[in-house]
Amino acid sequence: IKIIITDRHGVKHQVDAPTDMNMNVMELVRSYELAPEGTIGICGGMAMCASCQCYVESNHELPEMSYDEDLMLSEAFNVKDNSRLSCQIFIKEELDGLEIELAPEV
Ligand code: FES
């Protein structure tokens, strides 16, 4: 599938995302090096750091937030109504065309 990611400099990237690797969007961003090492995915995808926060710009229906994700976002900076932790968004067929923007580095 294709996922469109706006990096922290406002540059849009359309990237290929595999649906058969149980990969999440934070890992996708890292694999394409769209954010410098050490600025995203610090907790390793455990919903415990918010370094992977993103804003969901398309109308895709995402799974409900887990308690941990909700709690982390309630304590994070720069949170908006469309904030999600990208490490909690797993790449699936139905997310083709998903558009996200990375939240500012904190
Ligand atoms: Fe830490 Fe997503 S990588 S919350």
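Residues numbered from 1 in each chain as written. Predicted model: local features only at pLDDT ≥ 70, side-chain atom pairs only at ≥ 80, totals over all residues.

As recorded by an unreviewed UniProt entry, the protein carries the name 2Fe-2S iron-sulfur cluster binding domain-containing protein and is attributed to Aequorivita vitellina. According to the UniProt record, the Cofactor (unreviewed entry) comment for the protein reads "[2Fe-2S] cluster". (UniProt positions renumbered as here; feature names shortened; annotations may be inferred.)

S.K.: Please explain the overall build of the protein as it appears in this structure.
M.R.: When its secondary structure is counted, the protein shows two helices and five strands. Shown N-terminal to C-terminal, the secondary structure of the protein runs as helices and strands in the order β-β-α-β-α-β-β. For the protein, the C-alpha radius of gyration of 12 Å lies close to 13 Å, the compact-globule estimate for 106 residues. The burial tally for the protein puts 30% of its 106 residues in the buried class. Considering only residue pairs separated by 6 or more positions, the protein has 64% of its internal contacts joining residues 24 or more positions apart. (Helix = DSSP H or I, 4+ residues; strand = E, 2+ residues; numbered from the N terminus. Rg over C-alpha atoms; globule rule 2.2 N^0.38 Å. Buried ≥ 20, exposed ≤ 12 C-beta atoms within 10 Å, placed from the backbone. Contact = placed C-beta atoms within 7 Å.)

S.K.: Looking at this structure, I do not really get the pairing of strand 5 (residues 98–102). What am I missing?
M.R.: Of the two faces of strand 5, the one lined by Leu 98, Ile 100 and Leu 102 is fully buried and the one lined by Glu 99 and Glu 101 carries no buried residue. Sheet topology note: the strand 1 (residues 2–6)/strand 5 ladder contains four bridges and is parallel. Each bridged residue has a counterpart across the sheet, and for Thr 6 the counterpart in strand 5 is Glu 101. (Pairing = 2+ DSSP bridges.)

S.K.: Before we go on, may I ask you to explain the environment of Met 26 in this structure?
M.R.: Examined against the element boundaries, Met 26 turns out to sit in helix 1 (residues 25–31). Look at Met 26 and you get buried, because 25 C-beta atoms sit within 10 Å. In this structure the C-alpha to C-alpha distance between Met 26 and Gly 44, which are 18 residues apart in sequence, comes to 9.1 Å.

S.K.: Explanation requested: unusual backbone geometry in the structure shown.
M.R.: Glycine aside, residues mostly have negative phi angles, and peptide bonds mostly take the trans form. Its identity as a non-glycine residue notwithstanding, Ala 47 has a phi of 60°, on the positive side. The backbone of Ala 50 sits at a positive phi, close to 70°, despite the residue not being glycine. Among the secondary structure elements, Ala 50 is positioned in the loop between helix 1 and strand 3 (53–56).

S.K.: Just checking my understanding: could you explain the sheet that holds strand 5 for this structure?
M.R.: Strand pairs in the sheet, formed through backbone hydrogen bonds, run parallel or antiparallel to each other. Spatially, 2-1-5-3-4 is the arrangement adopted by the five strands of the open sheet, whose pairing is mixed. Every interior strand has two partners, whereas the edge strands, strand 2 (12–16) and strand 4 (83–85), have only one. Each adjacent strand pair in this sheet contributes to an overall mean axis angle of 35°, direction not counted. (Axes fitted to C-alpha atoms, helices over the stretch in contact; angles between N-to-C directions.)

S.K.: Honestly, the nonpolar core in this entry has me stumped. Any pointers?
M.R.: Soluble globular proteins: nonpolar side chains tend toward being buried together. If you look at the biggest cluster of nonpolar residues, it comprises 22 residues, and the most contacted ones within it are Ile 3, Val 25 and Val 29. Secondary structure elements with two or more residues in this core: strand 1, helix 1 and strand 5. (Core = buried A, V, L, I, M, F, W, Y, C linked by C-beta atoms within 7 Å.)

S.K.: What's the story with the environment of Cys 43 in this structure? I'm lost.
M.R.: Summarising the element assignment, Cys 43 is placed in the loop between helix 1 and strand 3. The exposure class of Cys 43 is partly exposed, given the 15 C-beta atoms found within 10 Å. Between the C-alpha atom of Cys 43 and that of Cys 87, which follows or precedes it by 44 residues, the distance is 9.7 Å. Discounting residues that sit within four places of it in the chain, Cys 43 has contacts with Met 48 and Cys 49.

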